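# Fold and contact review
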Amino acid sequence: MSHDIWVWVAAFLTLSILSFLYKDNPFYKFAEYLLIGVALGYGIAVTWHSTIIPKIVIPLKEGHQYHLIIPMCIGLLFWARLFPKYAWLSRWPIAFQIGAGVGIGLPLILQADVFKQIQGTILTSAILNNPFNAFSAIVAFVGVVSTLIYFYFSLEHKGVVGGIAKIGIWYIMIAFGAIFGYTVMARMSLLIGRFQFLLHDWLGLMR
Amino acid sequence: MRKLVPLRICLVCGIVMLIQFFIPHNYSQTFFQYALDWLIVCGVFAVVIGLDSNFRLHLTRIIRRKKGWGYSLITMVAVLSVAFIGIKFGIGADSLFMKIYRNVEVPMDATMFSLLGFFMASASFRAFKAKNKEATVLLIIAVLMMLGRIPIGYFMWDKLPNLVEWIMMYPNMAAQRGILLGVGLGAAAMQLKILLGIERGWLGGAGD
Amino acid sequence: MLLFYILTQISTTPLNIIPPSELTAYDNPNDDGKKINIEWTLSPDDSLLDGYEIWRSEIKDSGYYKIGYIGRQKAHYQDAMQVKEGVTYYYEIRCRDRNYNYSEFSVPSEPVVSSSQWYDKNKTNVLFGLFLFSFIILGAIFQAKKGKTLFIRKINGLDALDEAVGRATEMGRPVLYVPGLGGVGDIATIAAINILSQVAKKTAEYNTPILVPNCDPIVMSVVQEVVKEAYLEKGRPEGYNTEHIFYLVGSQFPYAAGVGGIMVREKPATNLFMGYFAAEALILAETGNISGAIQIAGTDAVSQLPFFITACDYTIMGEELYAASAYLSRNPTLVSGIKGQDYNKLVLLFFLILGSILGLMGNNFIVNLFHS
């Protein structure tokens, strides 16, 4: 059994969270509210040390990067939400964040989610050297096309379109089954990890 | 005016960052770094709004002695003490702050994550009921995936791991590609509409 | 001592091997001026080697220092080690075998100066794609303004929203709306906010409480505005309760713990999960299942969709989430945006099929067009 008080604290909190599986109870509630509080406190302290000091205080004081006053003034407008009469001003920093995010993301999405996927799907003569490769590539090609048709919104899923969309949904279910099955082992290993902590680190029952 | 200015800010910022993507020049890369720093600096101030909302929620419960006010007190004490310890005494590897993080938050985070092991079992049990053909396919493939990655699967049929790998590489990847293509087009369309002010949901209410 | 002496004698024995020739160095195109490409003709004795050492100097005849190493059978190297724009560099190469014997240095390259370019030609296809994409979307939107009625196929999850809110009203219990982990720049979150606007109008109309715990303070600000506006629009400003829309916490699992707690204590009749979710998706959905609520989920996170499908009554997948605001509002401009997306899909399908036909005949023109 461990003599470290911190291990006992961790074990108590672990069991409190696990008790939720039985039903909601004061131990779980205590752990939940404590977790939220500690996570918020952690976020504040990390923001202070990893953002406010190195990205604002030091550049201003020592680096003389006075241009940072501009985003600070924009950021301060968030606080206008605290005064209902001026709450509309908080839209400006939101617009800044969204606009920049959209400008950065739009070409990247086209490049990564569209171009790369199309490039990977197009059949080439390289598949013809092996019948099994050719079959597999065609299976993949049909999957991509039928899934795209499934997400086609302008036509009812009837007739030919309906038939292709049906193939698409089969492919989607295969993919979801694969993801589900693939993830099970990873999740189970997390659970095993927590039991190992309780049985080995805390109680010393495992070697 | 109250909607027009944010829409124009969104448009200008968006176009500037869009153009930047195509310019590899040193000046452009430096500008991009500055822009990222500006976004981070600007975003930090939003944390205060979140904390204000959270503190109001808990303090209201404590002051009015609403149901569960004791737990809200725990949250408030935890936030303030952990934040104080971290800011005052540092967040180095051997600090009290990191001890609290490693022995309080990390075990609870990991345990929440591990609850997925139980929830996966209950979700699988529900999926076993297989209400329709599509759910049956999902179930069969999931079981094949699980069996294909453990020794008993190989014992049952030595080609099972190869089949599982083939399913992962071809039909699974094909469907994911199709979904990604749709998502990519949808997201790009939405971003374009936001940039041009056609999609205005993010502006919130009129407030005018 | 004797062993050490022998080793040093071995390591300084020059290789009787012809060094690489025709060494050329040139500025890497379409970059920020921090890379130089070096190419050479392999040594005729390449098969006996382990690889090649690349050396650099700012003066032609002296001051060389090693900057890299590459294995044999490779005749190309990219120097990205603190290359400065505008500075002249010279390069030399020598061979090395497995026993660390070296050949003579090659003839130095011609001087090369790195420079940055104002336009990345490699991204021309993306630029063209962006213009074509935008043209199609805007063209579709322009068509809508001509008053054409446009059709969107049924999306079950979105049709069920009415029923879900109605159920909560009948049972006298609140609706729980979870906008996910994403920030306000996340498209899934913006789509979730659009759906929330429609849901809030219904809860305002039926006088049903709506709880919205948030993971991001900026999203919380926008959500508060959206819900308040919905209540104002329905003439029920007194029904809006700012305490019901709050910032919970910014981390994934504490957020899941908090929302789980809300589900078991407030016992909402309807749970709506819309936006970006990660591993906590199953925790939320299963906890909601235990509490007996009707659940509708919508996300673009492909890895979480299987879990939502098994645990929720309805699931809105991927692109369907983005179509939600058009579908629910039936605003002609928004619906025509969806049409534009569909036209773009047709263009992609055309390229896929044409590209495959040409590709199978050995012509990779279309494949190369999409190279990025």
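A quick note: this is a predicted structure, and the numbers were derived from the prediction, not measured. (Residues numbered from 1 in each chain as written. Chains lettered and ligands numbered in written order. Predicted model: local features only at pLDDT ≥ 70, side-chain atom pairs only at ≥ 80, totals over all residues. Heavy atoms only, no water.)

## Quick look at the pairing of strand β8 (residues 175–180) of chain C
Residue and element names in this part refer to chain C. Among the 6 residues that make up β8, 6 are buried, leaving the element largely enclosed by the rest of the structure. Note that β8 and strand β9 (residues 210–214) share 2 bridges and pair parallel. Looking at the pairing, Val175 lines up with Ile210 of β9. Taken together, β8, helix α4 (residues 187–206) and β9 form a β-α-β motif whose crossover is right-handed. (Buried < 20%, exposed > 50% of the residue type's maximum accessible area, 1.4 Å probe, protein only. Helix = DSSP H or I, 4+ residues; strand = E, 2+ residues; numbered from the N terminus. Pairing = 2+ DSSP bridges. Right-handed = clockwise from strand over helix to strand, strands pointing away.)

## Notes on the nonpolar core
Judged by nonpolar contacts, the single largest core of 216 residues is most densely connected at A:Phe176, B:Met112, C:Tyr177 and C:Phe273. Residues in contact with B:Met112, not counting those within four places in the same chain, are A:Ile17, A:Tyr28, A:Leu35, C:Phe253, C:Ala256, C:Ala257 and C:Ile283. The next biggest cluster of nonpolar side chains, apart from the first, holds 18 residues, and it includes C:Ala25, C:Ile70, C:Tyr91 and C:Val112. (Core = buried A, V, L, I, M, F, W, Y, C linked by side-chain atoms within 4.5 Å. Contact = heavy atoms within 4.5 Å.)

## Re the sheet that holds strand β1 (residues 21–27) of chain C
Residue and element names in this part refer to chain C. Read across the sheet, 3 strands follow the order β1-β2-β5 without closing on themselves; strand pairing throughout is antiparallel. Two strands bound the open sheet, and with one partner strand each, they are β1 and β5 (76–79). Between one strand axis and the next, the sheet turns by 20 degrees as a mean value, whatever way the strands run. Bridge analysis of β1 against strand β2 (residues 36–41) gives 5 bridges, and the strand direction is antiparallel. (Axes fitted to C-alpha atoms, helices over the stretch in contact; angles between N-to-C directions.)

## Describing the interface of chain C and chain A
Opposite the 64 residues of chain C that make contact, chain A presents 53 residues. Three residues stand out in chain C for area buried against chain A, namely C:Arg153, C:Arg265 and C:Leu352, and they jointly supply 13% of the buried area on that side. Put simply, chain C and chain A have 4 salt bridges between them. We note a salt bridge from A:Asp24 to C:Arg265, for which the minimum N-O separation is 3.0 Å. In this assembly, chain C and chain A are joined by 16 residue pairs in polar contact (both at pLDDT 80 or more). Residue assignment for the side of chain C that touches chain A shows that the elements contributing at least two residues are α2 (124–144), α5 (217–233), α6 (252–266), α8 (305–311), α9 (319–322), α11 (332–360) and α12 (365–369) of chain C. A per-element tally of the side of chain C that touches chain A places α11(C) first, with 14 residues. By residue class, the composition of the side of chain C that touches chain A is 36 nonpolar, 18 polar and 10 charged. (Buried area = accessible area lost by both parts, 1.4 Å probe. Salt bridge = Lys/Arg side-chain N within 4 Å of Asp/Glu carboxyl O. Polar contact = N/O pair within 3.5 Å; in protein donor to acceptor, adjacent residues only side chain to side chain. Nonpolar A, V, L, I, M, F, W, Y, C, P; charged D, E, K, R; others polar.)

## Considering the interface of chain A and chain B
Every contact between the two is made by 109 residues of chain A and, on the other side, 108 residues of chain B. On the surface where chain A and chain B come into contact, there are 2 salt bridges. Where A:Lys55 meets B:Asp37, a salt bridge forms, and the shortest distance between an N and an O atom there is 3.5 Å. Linking chain A with chain B are 17 residue pairs in polar contact (both at pLDDT 80 or more).

## Focus: the packing of helix α6 (residues 159–202) of chain A against helix α8 (residues 160–195) of chain B
Running from N to C, α6(A) and α8(B) cross one another at 115 degrees; their axes reach a closest spacing of 8 Å. Like other packed secondary-structure pairs, α6(A) and α8(B) cross with a definite hand, here left-handed. Here α6(A) contributes A:Tyr171, A:Ile172, A:Ile174, A:Ala175, A:Phe176, A:Ala178, A:Ile179 and A:Tyr182 to the contact with α8(B), which in turn contributes B:Ile167, B:Met168, B:Pro171, B:Asn172, B:Ala174, B:Ala175, B:Gln176 and B:Ile179. Broken down by class, the residue content of the contact of α6(A) with α8(B) amounts to 14 nonpolar, 2 polar and no charged. (Left-handed = near helix turned anticlockwise from the far one by under 90°.)

## Quick notes on the environment of C:Cys215
Residue and element names in this part refer to chain C. On the secondary structure map, Cys215 appears in the loop between β9 and α5. For Cys215 and Val178, which are 37 residues apart along the polypeptide, the C-alpha to C-alpha distance reads 9.1 Å. Ignoring sequence-local partners within four residues, the contact set of Cys215 consists of Gly180, Leu181, Tyr247, Val249, Gly250, Ser251 and Tyr255.

## Observations concerning the domain arrangement of chain B
Partitioning chain B into domains gives domain 1 (1–42) and domain 2 (53–89). For domain 1 of chain B versus domain 2 of chain B, the separation of C-alpha centres amounts to 38 Å. (Domains from an automatic or database assignment.)

## A short note on helix α3 (residues 156–171) of chain C
Residues and elements named next belong to chain C. Its 16 residues place the ends of α3 23 Å apart at the C-alpha level, agreeing with the 22 Å of an ideal helix rising 1.5 Å per residue. At Asp162, α3 is deflected by roughly 30 degrees, the largest bend along its length. Those residues of α3 that sit buried are Gly157, Leu158, Ala160, Leu161, Ala164, Val165, Gly166 and Ala168. Once α3 ends, the next one or two residues include Gly172, with phi positive near 70 degrees. (Expected span 1.5 Å × (residues − 1). Bend = angle between axes of the 7 residues up to and from the residue.)

## Some details on the domain arrangement of chain A
Reports of interface size often rely on the accessible area that becomes lost once the parts have come together. Residue and element names in this part refer to chain A. Taken domain by domain, chain A consists of domain 1 (1–64) and domain 2 (124–207). Relative placement of domain 1 and domain 2: their C-alpha centres are 35 Å apart. Taken together, the contact between domain 1 and domain 2 spans 9 residues of the former and 7 residues of the latter. Its largest share of buried area at the contact with domain 2, domain 1 owes to Met1, Ala11 and Thr14, together 46% of the area lost on that side. Counting every contact that joins domain 1 to domain 2 gives 3 residue pairs in polar contact (both at pLDDT 80 or more). Partitioned by chemical class, the residues of the side of domain 1 that touches domain 2 number 7 nonpolar, 2 polar and no charged.

## Focus: the side chain of C:Asp27
Residue and element names in this part refer to chain C. One can find Asp27 in strand β1. No salt bridge forms around the buried Asp27; measuring N to O, its nearest opposite-charge neighbour Lys35 is 9.4 Å away. Among the polar contacts made by the side chain of Asp27, one reaches the side chain of Ser115 at a distance of 3.1 Å. Side-chain polar atoms of Asp27 contact the side chain of Gln117, separated by 3.3 Å. Beyond its immediate sequence surroundings of up to four residues, Asp27 is in contact with Lys35, Val112, Val113, Ser114, Ser115 and Gln117. (Lys, Arg positive; Asp, Glu negative; His and termini not counted.)

## Section: unusual backbone geometry
Even without being glycine, A:His64 reaches a positive phi, approximately 55 degrees. Relative to the elements of secondary structure, A:His64 occurs in the loop between α2 (26–61) and α3 (69–76). Among the residues examined, A:His64 registers a relative accessible area of 48% and is labelled partly exposed. The phi dihedral of C:Lys267 is positive, around 50 degrees, even though this residue is not glycine.

## Some details on the state of the cysteines
Residues and elements named next belong to chain C. All told, the structure shown has 0 disulfides over all chains when counted by the stated rule. Distance from the sulfur of Cys215, which forms no disulfide, to the nearest cysteine sulfur (Cys312) is 18 Å. Accessibility expressed as a relative area gives 8% for Cys215, which makes it buried. (Disulfide = S-S within 2.5 Å.)

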